[in-house]
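In case you want the letters, here they are:
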Amino acid sequence: MIRINLLPIGRRPVEEKIRKEITVFFLLIFFSVSVMVYFHIDHARTIKQITAEKKTLDSEIRRYQDRQRQLEELQEKHKMVHAPRSTFDWNLRFAARYSASRLNRSLARPACSSATSG
């Protein structure tokens, strides 16, 4: 049996060429989409890691802020305790010391004078 090819000889390679181009086109689209999906998944994983790290750092920051607040309170107390006294405070101390020593002297004199006069 004789086979008759009704298509022209030049047309068959063109169809095969188009079929190859379509195959390459879809393969390129498939690989492009695959690469985009890979990068999307990678970025999503990176975002999750960074979010988790941010949460831990925020908790550490809050803990250190509490400690910083306590330190500032202690520094204020330290300043109040070790602050230089004003002249008014020194005058009060001197007056209290002077009046106490004067009171002691006045109490001590009559006892001494009664002992010497008697």
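Scroll up for the structure.
Caption draft 1: Structural context of the pattern of salt bridges. Inspection of every chain in the model, using the stated rule, returns three salt bridges. The salt bridge involving Asp58 is made with Lys54; its shortest N-O contact spans 3.2 Å. Taken together, the residues Asp58 and Lys54, both in helix α1 (residues 11-82) and four residues apart, mark about one turn of the helix. According to the relative accessible area criterion, Asp58 is partly exposed, its value standing at 26%. In this structure, the salt-bridge partner of Asp66 is Arg69, at a minimum N-O distance of 3.1 Å. Of the two residues, Asp66 and Arg69 both sit in helix α1, three residues apart, roughly one turn of that helix. Assessed through its relative accessible area of 39%, Asp66 is described here as partly exposed. Since its relative accessible area comes to 44%, Arg69 is described here as partly exposed.

Caption draft 2: Structural detail: the packing of aromatic side chains. For the structure on display, the rule yields three aromatic pairs. In this structure, Arg63 is placed above the aromatic ring of Tyr64, and the distance from its NZ or CZ to the ring centre is 5.1 Å.

Calculation notes
- Numbering of residues starts from 1 in every chain and runs along the sequence as written.
- Residue-level local features of this predicted model are given only where pLDDT is at least 70; pairs of side-chain atoms are given and counted only at 80 or more, and the full residue set underlies all totals for whole chains, interfaces and linings.
- The basis for every side-chain value is the complete set of heavy atoms in the structure, and neither hydrogens nor water enter the calculation.
- In what follows, salt bridge is the name for a side-chain nitrogen of Lys or Arg lying within 4 Å of a carboxyl oxygen of Asp or Glu.
- For the purposes of this entry, the term helix denotes a DSSP run of H or I that reaches at least four residues, the term strand denotes a run of E that reaches at least two, and both are numbered from the N terminus.
- For the exposure calls, accessible area comes from a 1.4 Å probe over protein chains only, and a residue counts as buried if that area is under 20% of its type's maximum, exposed if over 50%, partly exposed in between.
- Put simply, two rings from Phe, Tyr or Trp (the six-membered ring, in Trp's case) pair if the centres are within 6.5 Å, and we call them stacked under 30 degrees between planes, edge-to-face over 60, tilted for the rest.
- A ring is considered to have a charge above it if a Lys NZ or an Arg CZ atom is located within 6 Å of its centre and within 35 degrees of its normal.

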